[in-house]
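# Close look at the chain arrangement
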Amino acid sequence: MTREETAMELDDDETAELSPMTLGVYYRRLFPHNAYYKWLNYNAPATSTEFTHREFSFTINDGIYLRYQSFKDMGEFQRELTRLSPSKIDIGAIFTAVPKHAKSLQPGVFRPVAKELVFDIDMTDYDEVRTCCQGGSICSKCWRLMVIAMHVLDRALREDFGFSQIMWVYSGRRGVHCWVCDERARQLDDAARKAVAGYLSIVRGGAEQGKKVNLSQRYSHHPHIARSIEIIEEYFEDVLLVDQEILLTRERWMKVLAALPDEELRKTLDAQWSRRPDRSSVEKWSEMVDIVEKRASKRGAKFALATFERDMMLQYAYPRLDENVTTHLNHLLKSPFCIHPKTGRVCTPIAHSQFDSFDPFAVPTLSQLLKEISGGNGDPAADKSQEQSQEQSQRSAKSFSSLVGYVDIFETFVASLSPSSNTHTSQSLEF
Amino acid sequence: MFSQNAPKREGGGFGDASAAPEVVRRSRYPTRLSVYADPPDLEVSIEEFEAFALDRLQVLRSIEDAQLRAKGEEDIRKRVNEALEKHLPLHTNRSKLPPRQLVAERRKDHVSHFILRLAFSRTEELRGWFLRYECALLKHRFKEADIAEKQELLAAAKLKLEHLSPAARETRLGNASLFYPPQEQLFEVDFERVLDLVSHLQVVLQGGRAFVPQSEVATLLLHEFRQRLTRALAVCAKALPQMGEDERLLPVLQNLSSQTARSEYQSTGAAGAVSADNVDALSSGFPLCMQHLHTQLLKDHHLRHGGRMQFGLFLKGIGLGLQEALVYWRRAFGNMTDDQFQKGYAYNIRHNYGMEGKRADYTPYSCHRIIMSNPPGPGDHHGCPFRHFSTDRLRAALHRDRLTDAEVREIAELAGAGHYQVACTRHLEVKMQHRKAQQQQTSDTETHISSIASPNQFFDLCIGDCKSNGSKQSHDRDVQPVAPTAAASLPPAGLQKGPAYSYS
């Protein structure tokens, strides 16, 4: 199974289709304004500061970056979106004042006060783990690492932190984003976000560190570790050993052995596998586990040997977070339902029940959507009947394009959000 | 567990205060430790004002120093205790000291805290510094205190704690109960109150509630203290402009807070003006962290954000101007198009030079910052090799720098003992010795320099040493990273070749 057979490059000629014109059509007829507005207004009966004080930033004309955009209501948002047709929308924090006026306010007066707790998992951080693709490309094999990541984080956020309003989004290219929308999560300050990110980051250390998971034995009783291992065990053999073949070549197994805290075992295994390099990763893994277990049970063995298998499973399959995105209230993150500028794919929500079945390659691209609504195999009436109001044409375009399933997921999520108990500006953090 | 509601000054009650002489018990300071809930209402002379504050500042600085340079927890403890003994002693009620002295010590502790609060409320950076080391001081004192004093402090902080009964422990925690020692008392609190413990996975969480063992109750105390002090500092900052009238206090306050500017590196332009062309040639004088980033940049034609920041600001510090920096990075990122470079990277470079965004003139990272914040993740090459490399990789890197086996072993041991900056300093000393040996100079004197606090300082010393061709005074030059007075020994800002740096 070589790289050529399985890798599917996402960078096709989609990019050619992205223009202010095509984006304009998308924002006018396909973008789910209503649900989107309800989401960021948190279902408040009237437009609240949650929406009006929220920073958006738009990338327009391929590279001009407009920060501190804000809108007084849904109408203005919709008009500006269509007018500017940004190639990318980023969502920032909710501020103490309307972000549009940021430049005219004192730095101390204008500051961020709330935002969803967000996570960004990018496949490039798995480059030292995956063997099928590198860099910007992904395939159905390495995508399963994302599936593991979503399961592990989602359960930790729900069970450990008690959050329930969690939306997962496919970034449109090679990763996933997570938006935790519970009010308690939105109110966390930078220090708290940092602590949550620290709690959820088990794999630590730079490119120059062999063993990246270092947890003492008692952590096997920690519910987060125990549960993560349980989830990873379901996938480990299939995803890491069979699909990724992490022990196939000497170059690969040396990376695993580099983390083994016993010189002698390292040499033994290296010699053994060099003699029989054709054995599968599954066989090699079980040999390694056996020999390490035997040594660990001896008196005076390093304790790190006893946890070696657990730690290596974590090192290879535990989610790798881009912590900077999570730790700063003021950090912007790409919005759901914008078009990925490189792939042309829509950033679509992933239903909580569909982590395993979600297929990133089935996500529609902008050009595909445009074909669908401009006649092709879609409703021919949508474009032709001029007497139809814009709203009607919008509704019909939305109802038959292949985006509809994803919009449904989004609407269901938004409907589940509870309105804020009070506006953020009037209360302090008191627990 | 703790008698939360016990009146503070109740005579004969359980606690340290009961051991205090009558005079102390009836004074404003019946207990030794304080969370500084109320401001002092006493008169303070202007001399006392400054002397008290300076003494406390010495203590806070010693804590910062100890955290950076000490070998392990025990050494930190010893150093902080020494500083406290010297500058801010606080004796227990059981000590046989005259009551008048006990009260005087406590008054000094109390008053000095509030003066520094005022002095350090001016900017966010100063507030952050003060907060960090006041919390560290309280943490240290709490650890050192006896049981009675601990209880008094917890009572004074009025913590709300929900205690978990052994039966509830079983039903609520199940197997997770094994994570804690069997006999340990547990408290249940919102996770936001024990962020330090959450961050290091030291507590079990359930639905947003954290189970905190008795042994970590100090974390709760510190959280409460930090919250209150943060709020108090914000209030002080607002009140500060109103004090502008007072000509006696303001200069003192400003002088106090300016004395922490120590960790900021001041560019000396030791290498003269640096152009994009001679960065590679100068790399032999880079400290290990920068050598590594430089090598990786040449190899991959790319560095991730953390690496670009650490290396970019370092280059700025050695005298690489903005235009030259743009040329250098453009060349280094040889694999991308001009368009990609302009869009993705040029902005950041200009930003570092204060030409974009909030136009702050950024200074090179100090060792403290590189070691303590933003540790490298997968694929990252920034950080401190002595801190973030595995031992094997560190040894290999040192061997590549042509050190002998014995030297490599010595330095790796220092790094292994958590003495990162000392290891780096030793690396520089060894490099200088090698150079002298090469130039066949008699090296009867041990090269000795004081601890490296910034990669740029390493470079300046290394290049300075090289330039002076080993003339004796240069490598005996003692660098004072502390030096509130160091600014005086630098040439006036206008004469410096590199950009001028200011602490802001």
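Above this note sits the structure.
What counts, and at which threshold
- Residues numbered from 1 in each chain as written.
- Chains lettered and ligands numbered in written order.
- Predicted model: local features only at pLDDT ≥ 70, side-chain atom pairs only at ≥ 80, totals over all residues.
- Heavy atoms only, no water.
- Axes fitted to C-alpha atoms, helices over the stretch in contact; angles between N-to-C directions.
- Helix = DSSP H or I, 4+ residues; strand = E, 2+ residues; numbered from the N terminus.
- Parallel < 35°, antiparallel > 145°, perpendicular 65-115°, else oblique.
- Left-handed = near helix turned anticlockwise from the far one by under 90°.
- Contact = heavy atoms within 4.5 Å.
- Nonpolar A, V, L, I, M, F, W, Y, C, P; charged D, E, K, R; others polar.
- Phe/Tyr/Trp six-rings, centres within 6.5 Å; stacked < 30°, edge-to-face > 60°.
- Buried < 20%, exposed > 50% of the residue type's maximum accessible area, 1.4 Å probe, protein only.
- Pairing = 2+ DSSP bridges.
- Buried area = accessible area lost by both parts, 1.4 Å probe.
- Salt bridge = Lys/Arg side-chain N within 4 Å of Asp/Glu carboxyl O.
- Polar contact = N/O pair within 3.5 Å; in protein donor to acceptor, adjacent residues only side chain to side chain.

### Here we look at the packing of helix H11 (residues 263–275) of chain A against helix H12 (residues 281–296) of chain A
The geometry of a pair of packed helices is captured by two quantities: the angle between their axes and the separation between those axes. All names here are of chain A. Viewed as axis vectors pointing N to C, H11 and H12 meet at an angle of 150°, and their least axial separation amounts to 11 Å. When the axes of H11 and H12 are compared, the pair comes out roughly antiparallel. Crossing geometry of H11 relative to H12 is assigned as right-handed. Listed contacts from H12 to Glu 264, Leu 265, Thr 268, Leu 269, Gln 272 and Trp 273 of H11 are Lys 284, Glu 287, Met 288, Ile 291, Val 292 and Arg 295. Of the residues belonging to the contact of H11 with H12, the class tally is six nonpolar, two polar and four charged.

### With respect to the packing of aromatic side chains
One pass over the structure, following the stated rule, counts 47 aromatic pairs over all chains. Aromatic side chains Trp 39 of chain A and Phe 410 of chain A sit 6.0 Å apart centroid to centroid with 85° between the ring planes, which places their arrangement in the edge-to-face category. With Trp 39 of chain A in helix H3 (residues 33–40) and Phe 410 of chain A in helix H19 (residues 404–416), this residue pair connects regions lying 371 residues apart in the sequence. Ring centres of Phe 161 of chain A and Phe 191 of chain B lie 5.0 Å apart, and the angle between their planes is 85°; this geometry places the pair in the edge-to-face category.

### Details of the pairing of strand E1 (residues 54–60) of chain A
Residues and elements named next belong to chain A. Within E1, seven of the seven residues are buried, leaving the element largely enclosed by the surrounding structure. Alternating residues of E1 divide into Arg 54, Phe 56, Phe 58 and Ile 60 and Glu 55, Ser 57 and Thr 59, and every residue in both groups is buried. Where E1 meets strand E3 (residues 88–95), five bridges bridge the pair, whose relative direction is antiparallel. Pairing of Thr 59 across the sheet is with Lys 88, part of E3. Across four bridges, the pairing between E1 and strand E2 (residues 64–69) is antiparallel. Bridging from a neighbouring strand, Ile 60 pairs with Ile 64 of E2.

### Points about the interface of chain B and chain A
Each side of the interface is counted separately: chain B has 35 residues, and chain A has 37 residues. At the boundary of chain B with chain A, total buried surface from both sides reaches about 3000 Å², with 55% on carbon and sulfur atoms. By the criterion of area lost to chain A, the three top residues of chain B are Phe 179, Leu 201 and Pro 378 of chain B, representing 22% of everything that side buries. A salt bridge links Arg 304 of chain B to Asp 125 of chain A; the nearest nitrogen and oxygen atoms lie 3.0 Å apart. On the surface where chain B and chain A come into contact, there are ten residue pairs in polar contact (both at pLDDT 80 or more).

Coordinates in, geometry out; function isn't part of it.
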